[in-house]
Amino acid sequence: MISNKLMLNYWDYVTFATSIISFFAFFTYLLIYLENRKKVFKDPPLPKKLPKVSILVPAYNEEKTIAKTLKSLLRLNYPKNLLEIIAINDGSTDNTLKIMKKFEKYGVKVIDKPNGGKASALNAGLKIAKGDIIVCMDADSVVSKNALKHTIGYFNDPKVGAVASSLKVHKPKTFWQKMQFVEYIYNIFLRKVLAFMDSVFVVPGPFGLYRRSVLEKLGGWEEGNLTEDMELTMRIQKAGYKVETSLNSIVYTKTPDTFKRLIKQRIRWYRGFLINARKYRELFLNPKFGDLGVYTLPLYIVFIAILFISIASTIYSFYTMARDFLLINLKAGIEMPEINLNNIDPPYLFMSVSTIFWLANIVIYAYIFFISMQMSKERNFIKGFLTYFVQILFYPFVLAVSWLMSIWKEIRGAKIKWER
Amino acid sequence: MGKVRTHIYLKAALLTLLVFISGVAIGWYLDETRVSFVKSKIDELEVSFSNLALEEEFYRSVATDSKTLCNIYISKANELALQAGKLGSYLESFREISKFGLHNIESLKDRYFILNLQLWLYMRKLREECNYNATTILFFYTSVNKCDDCIAQGIVLDQLKKKDPNKYMIFAIDVDSKLGIVNALKTYFNVTQVPTLIINEKQKLEGFVSKQELEEITK
């Protein structure tokens, strides 16, 4: 007789540990959300005296999208005399500059400079910008009309240094863009919740607003950094300023359409995270920086670990299945299994503890996705959820591969190539 | 400078603990359900078998036509053997997923083996008394150590049984069982490895045997 009453194997312990962490993260986000539910969509009112705003549009070979970007900026609902649009051509080799010049008659200022990376273009724009609020706008994105009206009010609080917008995928067409659509929706929820925890550690490039005085005090964008937006946000957080985000300020951005391009973009992002996490390592586990230090940043690292563990376990179980198939089923002769649900009565009897925890995880994250859909004002729930369920099957692999390659490149110390 | 929202973390930790405990409780409940499910099936089978044996003894004592009796009891015993086989596969798959009630599953397995071997002896008797042309196969396997060939052999035997349910009477025996009768059979047939098949209590086949080979041997 088996003396050991509890028969837990390695896989069960992994499931328990990862489930506990993900339940904890889920409840933290949910509680923060519930605590602030009433002010989720509420943006602070505009100040009586509107500030002057300068929008910087750095562009490197963006001939396909720059016109749309500039048009959307010109349509912004904001007094024209208080709005300055500066397009910076960062040594493009295509028609970007020519298209920019066409917009000069609408008051767009154009700077032409030799190629030096996005941060250098932004800094060049900052030099001539006259606004009190500086906006960074990627040249592959389109902004909604009221974006400024919803975001400017946050600067009434003198502690606010930056404000992020809600990012959505612009017209998702390919499979990979649809997968990113789900991810971006989820990130809209996450960014808002993190803002309530003073924990936003990246203000994305498309339509990120900064207080000019803060930018000047901190010295602008760091040139040569792989993810200059994340670097600046972490610097702003470290200096003790707040970073907010508005759900009503929506920006549509072009996302990688193929697997290869997606992986390339992610390697840049994640390697950028590794570099900046190391640069700002004193923030990690430091109660001086509040939730950002003790919760958000460490949890991000833990989630990368969970991602690897889950993928490794999945690959291992596929390996076992393949091995069993080769050694057992091929030997015994393959016969189509009789699918007859009456044979398995009752079916729930075949559920193990691990299965229960995995199901619980899928359910809670579906619920988070539901809130995310509401927050990003997406109404097509059926389509959204179908995409979500396809996404959880495929996307973790993409993320894990990207993280692995980023870590590998960082360890090897591969030369940093700055690419858009 | 920054604020640490300890009250949120405490609440979240409490809720996490609650969900975790509920998950474990559901798992434990399912284990108990599995045990009582198998237990009720075994109870049923035991009653059916005792009843069958008793019935047969009664009819024989009042001397009804023995040929008719044979036909009736062969088909009834066949039906029981089929159900017992199904129960055996339940037991093996429950054994793999049960985390908290394994000791109960193990003791049920003993009852199952005893019932199974009673059926085997009964079938043997019917075969002799009724001149019934069936093949009984004793299948020795292990569930303690990983044994790919045992699983493959199990699949092959299932296929045979499905193909001709009346011809093949298969009784699976876990060599790691501590039951006296299992030890007696192991010693009697000199079982030294797994899988081992004993055909009609005469022929011993060691190692994996394919479906074609088995059909050839039992033709």
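Keep in mind it's a predicted model, so treat the numbers as computed, not measured.

Attention now goes to the overall build of chain B. Each helix and strand counted, chain B has 6 helices and 4 strands in total. Its helices and strands taken in sequence order, chain B reads α-α-α-β-α-β-α-β-β-α from the N to the C terminus. Computed over C-alpha atoms, the radius of gyration of chain B comes to 23 Å, more than 25% over the 17 Å expected from 2.2 N^0.38 for 219 residues, which places it beyond the range of a compact globule. For chain B, the spread of C-alpha atoms along the principal axes amounts to about 95 × 40 × 30 Å. Taking the contacts inside chain B whose residues are at least 6 apart along the sequence as the reference set, 73% of them involve residues at least 24 apart. Each charge sign in chain B was given a centre, from 28 positive and 27 negative side chains, and these centres are 6 Å apart.

Before going further, it helps to spend a moment on the state of the cysteines. Residues and elements named next belong to chain B. Per the stated rule, a full pass over the model turns up 2 disulfides over all chains. Here cysteine 70 is linked by a disulfide to cysteine 130, with a sulfur-sulfur distance of 1.9 Å. Taking the sign of the torsion about the S-S bond as the criterion, the disulfide between cysteine 70 and cysteine 130, at about -80 degrees, is left-handed. In this pair, cysteine 70 sits in helix H2 (residues 66–97) while cysteine 130 sits in helix H3 (residues 102–130), placing the two residues 60 residues apart along the sequence. The burial state of cysteine 70 is the same as that of cysteine 130; both residues are buried.

Turning our attention to the sheet that holds strand E3 (residues 196–199) of chain B. Residues and elements named next belong to chain B. The 4 strands are arranged E2-E1-E3-E4 in an open sheet whose pairing can be described as mixed. Each having just a single partner strand, strand E2 (168–174) and strand E4 (203–206) make up the two edges of the open sheet. Strand-to-strand twist of the sheet, defined as the mean angle between neighbouring strand axes without regard to direction, takes the value 20 degrees. One ladder, built from 7 bridges, connects strand E1 (residues 135–141) with E2; its direction is parallel. Looking at the pairing, phenylalanine 139 lines up with alanine 172 of E2. H3 contacts E1 and E2 of the sheet and is inclined by roughly 145 degrees relative to E2.

Tyr29, Ile55, Leu73, Leu148, Phe207 and Trp221 of chain A are the most contacted members of the largest nonpolar core, which has 101 residues in total. Among the elements that take part in this core, helix H6 (residues 175–196) of chain A stands out by supplying 11 residues, more than any other. By size, the runner-up hydrophobic cluster in this structure holds 65 residues, among which are Tyr168, Phe189, Ile199 and Phe208 of chain B.

Below, the discussion takes up the pairing of strand E3 (residues 109–113) of chain A. One face of the sheet, then the other: side chains in a regular strand alternate in exactly this way. All names here are of chain A. With 5 bridges connecting them, strand E2 (residues 83–90) and E3 associate as parallel partners. Within E3, the residue paired with aspartate 90 across the bridge is lysine 113. With respect to chirality, the unit in which E2 leads through helix H3 (residues 96–102) into the neighbouring parallel E3 is right-handed.

All names here are of chain A. The sheet built from 8 strands is open, its strands ordered E3-E2-E1-E4-E7-E6-E8-E5 with mixed pairing. In this open sheet, the two strands that pair with only one neighbour each are E3 and strand E5 (141–143). The average undirected angle you get between the axes of adjacent strands in this sheet is 30 degrees. Bridge count for strand E1 (residues 53–59) against strand E4 (residues 133–136) is 4 bridges, and the pairing is parallel. Bridge pairing in E4 places isoleucine 55 opposite valine 135.

Each partner contributes residues to the interface: chain B has 48 residues there, and chain A has 51 residues. Buried surface at the junction of chain B and chain A, summed over both partners, amounts to about 4,400 Å²; 68% is from carbon and sulfur atoms. Applying the counting criterion to the chain B and chain A interface returns 5 salt bridges. Of the charged contacts in the structure, one is a salt bridge between aspartate 148 of chain B and arginine 323 of chain A, with a shortest N-O distance of 2.9 Å. Applying the counting rule to chain B against chain A returns 10 residue pairs in polar contact (both at pLDDT 80 or more). Counting residues per element, the ones that place at least two in the side of chain B that touches chain A are helix H1 (6–61), H2, H3 and helix H4 (148–163) of chain B. Of the residues forming the side of chain B that touches chain A, the biggest block, 18 residues, is contributed by H1 of chain B. Considered class by class, the residues forming the side of chain B that touches chain A number 23 nonpolar, 11 polar and 14 charged.

Let us look at a positive patch on the surface. A contiguous patch of positive charge, built from Lys68, Lys71, Arg75, Lys171 and Lys173 of chain A, is present on the exposed surface. Owing to a relative accessible area of 47%, lysine 68 of chain A belongs among the partly exposed residues under this scheme.

Residue and element names in this part refer to chain A. Across the 10 residues that make up strand E6 (residues 160–169), a large majority, 10, are buried. As paired strands, E6 and strand E8 (residues 242–253) are joined by 8 bridges and run parallel to one another. Looking at E8, one finds that valine 163 is bridged to glutamate 244. Of the pairings in the sheet, the one linking E6 to strand E7 (residues 208–211) comprises 2 bridges and is antiparallel in character. Residue pairing for E7: alanine 162 is matched across the bridge by tyrosine 210.

Bringing the packing of helix H10 (residues 290–332) of chain A against helix H12 (residues 381–412) of chain A into the picture now. Residues and elements named next belong to chain A. Across the interface, H10 lies against H12 with an axial gap of 10 Å and an inter-helix angle of 115 degrees. By the criterion of interaxial angle, the relationship of H10 to H12 is roughly perpendicular. In the packing of H10 onto H12, the handedness of the crossing is left-handed. Residue-level inspection shows Tyr300, Ile304, Leu307, Phe308, Ile311, Thr314 and Ile315 of H10 in contact with H12, the latter providing Pro396, Phe397, Leu399, Ala400, Trp403, Leu404 and Ile407. Looking at the contact of H10 with H12 residue by residue, the classes come out as 13 nonpolar, 1 polar and no charged.

Okay, H1 of chain B next. The first and last C-alpha atoms of H1 of chain B sit 82 Å apart over 56 residues, in line with the 82 Å expected at 1.5 Å per residue. Positioned one or two residues after H1 of chain B, alanine 63 of chain B has a phi angle of 55 degrees, which is positive.

Residue and element names in this part refer to chain A. Overall, the coordinates contain 36 salt bridges over all chains when judged by the stated rule. In this structure, aspartate 90 and lysine 113 form a salt bridge, with 2.7 Å as the shortest nitrogen-oxygen distance. Remark: lysine 113 occurs in strand E3 and aspartate 90 occurs in strand E2; sequence separation between them is 23 residues. Residue classification places lysine 113 among the buried positions, given a relative accessible area of 15%. Its salt-bridge partner being lysine 279, residue glutamate 222 comes within 2.1 Å of it at the nearest N-O pair. Of this pair, glutamate 222 sits in the loop between helix H7 (212–218) and helix H8 (228–238) while lysine 279 sits in helix H9 (residues 259–279), and the two are 57 residues apart along the sequence. Judged by relative accessible area, which is 38%, lysine 279 ranks as partly exposed.

Reading the values: the criteria
Residues numbered from 1 in each chain as written. Chains lettered and ligands numbered in written order. Predicted model: local features only at pLDDT ≥ 70, side-chain atom pairs only at ≥ 80, totals over all residues. Heavy atoms only, no water. Helix = DSSP H or I, 4+ residues; strand = E, 2+ residues; numbered from the N terminus. Rg over C-alpha atoms; globule rule 2.2 N^0.38 Å. Contact = heavy atoms within 4.5 Å. Lys, Arg positive; Asp, Glu negative; His and termini not counted. Charge placed at Lys NZ, Arg CZ, Asp CG, Glu CD. Disulfide = S-S within 2.5 Å. Buried < 20%, exposed > 50% of the residue type's maximum accessible area, 1.4 Å probe, protein only. Pairing = 2+ DSSP bridges. Axes fitted to C-alpha atoms, helices over the stretch in contact; angles between N-to-C directions. Core = buried A, V, L, I, M, F, W, Y, C linked by side-chain atoms within 4.5 Å. Right-handed = clockwise from strand over helix to strand, strands pointing away. Buried area = accessible area lost by both parts, 1.4 Å probe. Salt bridge = Lys/Arg side-chain N within 4 Å of Asp/Glu carboxyl O. Polar contact = N/O pair within 3.5 Å; in protein donor to acceptor, adjacent residues only side chain to side chain. Nonpolar A, V, L, I, M, F, W, Y, C, P; charged D, E, K, R; others polar. Patch = residues over 30% accessible without salt bridge, like charges linked within 9 Å, V, L, I, M, F, W, Y side chains within 5 Å. Areas by Shrake-Rupley, 256 points an atom, 1.4 Å probe, with all protein chains shown as cover. Parallel < 35°, antiparallel > 145°, perpendicular 65-115°, else oblique. Left-handed = near helix turned anticlockwise from the far one by under 90°. Expected span 1.5 Å × (residues − 1).

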